[in-house]
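Residues per chain are reported as follows:
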Amino acid sequence: MDTDVIQKLALAVDPPDEDFDPDLQPETGEQYLQKVMYERKKCPSVVVVRPSPKRRLQASGSGIVPASSVRNRAHRMLIPTKEWEAMQIQKFAELRDTITGYRNSAQYQENLQRTQIFLCFENRKQLHEYCANNQPFVRILLSIPQRNLEILLEYLFEWLQGDGESQQEETGGTAAASSEWITQWIYAILACIITPLEPYVHSVLRDIAKTCIAARNELTAEDELKAFLVEQVCYYFEH
């Protein structure tokens, strides 16, 4: 890159000569600009910031999620096989392709006008009750703006954590006994959400992944069926 072209002379100021003293306080605009020119010559064209050794030690192998926070201690019966993984990748990719094609169709615009969902995304109690008692149909999710889907994803993470006090406060003591509906909504949002995502959304998704992995670690071999939906969410963030 030619720095002389980018930083062309804007004001006719004589460069500092051999009698210039950089330690003196500038008294005029010309002296100030001469001091700037003097200090500029001492600065390198390119400055490289060296990464902190401490930060490198704390990072995981992937550099995204610290390995210590996502240790997999699940029973071997709950660990997916390579065949299962390949099948889930294919099914999820096909689902997203189908939704993308539907979103670009004329039928989508027609259905969008007929779908009337009135949800206040500032009212967590209403959202919790609605999601806990309704399935995440594609026609519903596609009628929700992207920003509201991101907000709902944050709420689902909070509900997935199972904070008993906040759950009781938001639902009036009617919280669902099972979190299966939460994983269904998370999976559905992942299928419908538009990429690329904002950085803070990636942070929420990593937190969801760690919570799901921790939940899977607490299951036993007899809970294989219960682990299915949690396993789907875990898998897409572990890879």
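Here, the structure is the one placed above.
Residues numbered from 1 in each chain as written. Predicted model: local features only at pLDDT ≥ 70, side-chain atom pairs only at ≥ 80, totals over all residues. Heavy atoms only, no water.

Chemist: Just checking my understanding: could you explain the environment of Ala191 for this structure?
Modeler: Tracing the backbone shows Ala191 in helix 10 (residues 180-192). Residues in contact with Ala191, not counting those within four places in the same chain, are Phe92, Leu95, Arg96 and Ile99. (Helix = DSSP H or I, 4+ residues; strand = E, 2+ residues; numbered from the N terminus. Contact = heavy atoms within 4.5 Å.)

Chemist: For this particular structure, what's the right way to read empty space enclosed by the protein?
Modeler: As enumerated under the stated definition, the model contains one cavity of 30 Å³ or more in all. What the largest cavity holds in volume is close to 40 Å³. Around the largest cavity, the lining residues are Tyr102, Tyr108, Asn111, Leu112, Thr115, Arg139, Leu142 and Ser143. (1 Å grid on protein atoms, 1.4 Å probe; cavity = no way out; pocket = protein on both sides within 12 Å on 5 of 7 lines; lining within 4 Å. Points joined across faces, edges and corners; volume = space filled by probe spheres on them.)

Chemist: I would appreciate a short explanation of the packing of helix 8 (residues 146-161) against helix 10 in the present structure.
Modeler: Between two packed helices, the angle of one axis relative to the other and the distance separating the axes together describe the packing. Direction vectors running N to C along helix 8 and helix 10 enclose 150°, while the axes themselves pass 10 Å from each other. The angle between helix 8 and helix 10 places the two elements in the roughly antiparallel class. Handedness of the crossing formed by helix 8 with helix 10: left-handed. Here helix 8 contributes Leu149, Leu152, Leu153, Leu156, Trp159 and Leu160 to the contact with helix 10, which in turn contributes Trp181, Ile182, Thr183, Trp185, Ile186 and Ile189. (Axes fitted to C-alpha atoms, helices over the stretch in contact; angles between N-to-C directions. Parallel < 35°, antiparallel > 145°, perpendicular 65-115°, else oblique. Left-handed = near helix turned anticlockwise from the far one by under 90°.)

Chemist: Help me out: how do you make sense of the packing of helix 8 against helix 11 (residues 199-217) in this one?
Modeler: Orientation of helix 8 relative to helix 11, taken along the N-to-C sense of each, is 25°, at an axis distance of 10 Å. Taken together, helix 8 and helix 11 sit at an angle that is classed as roughly parallel. Like other packed secondary-structure pairs, helix 8 and helix 11 cross with a definite hand, here left-handed. Within the contact between the two elements, helix 8 uses Arg147, Glu150, Leu153, Glu154, Phe157, Leu160 and Gln161 and helix 11 uses Tyr200, Val201, Val204, Leu205, Asp207, Ile208, Thr211 and Cys212.

Chemist: Honestly, the packing of aromatic side chains in this entry has me stumped. Any pointers?
Modeler: The description of an aromatic ring pair rests on the distance of the ring centres and on the angle between the ring planes. Inspection of the entire model under this criterion finds five aromatic pairs. Their ring planes at 40° and their centres at 6.1 Å tell us that Tyr155 and Trp159 sit as a pair that is tilted. Of this pair, Tyr155 and Trp159 both sit in helix 8, separated by four residues, roughly a single helical turn. For Trp159, a relative accessible area of 3% corresponds to the buried category. Centre to centre, the rings of Trp159 and Trp181 are 5.9 Å apart; their planes meet at 45°, and the pair counts as tilted. One end of the pair, Trp159, is in helix 8; the other, Trp181, is in helix 10, and 22 residues separate them in sequence. What makes Trp181 buried here is its relative accessible area of 9%. (Phe/Tyr/Trp six-rings, centres within 6.5 Å; stacked < 30°, edge-to-face > 60°. Buried < 20%, exposed > 50% of the residue type's maximum accessible area, 1.4 Å probe, protein only.)

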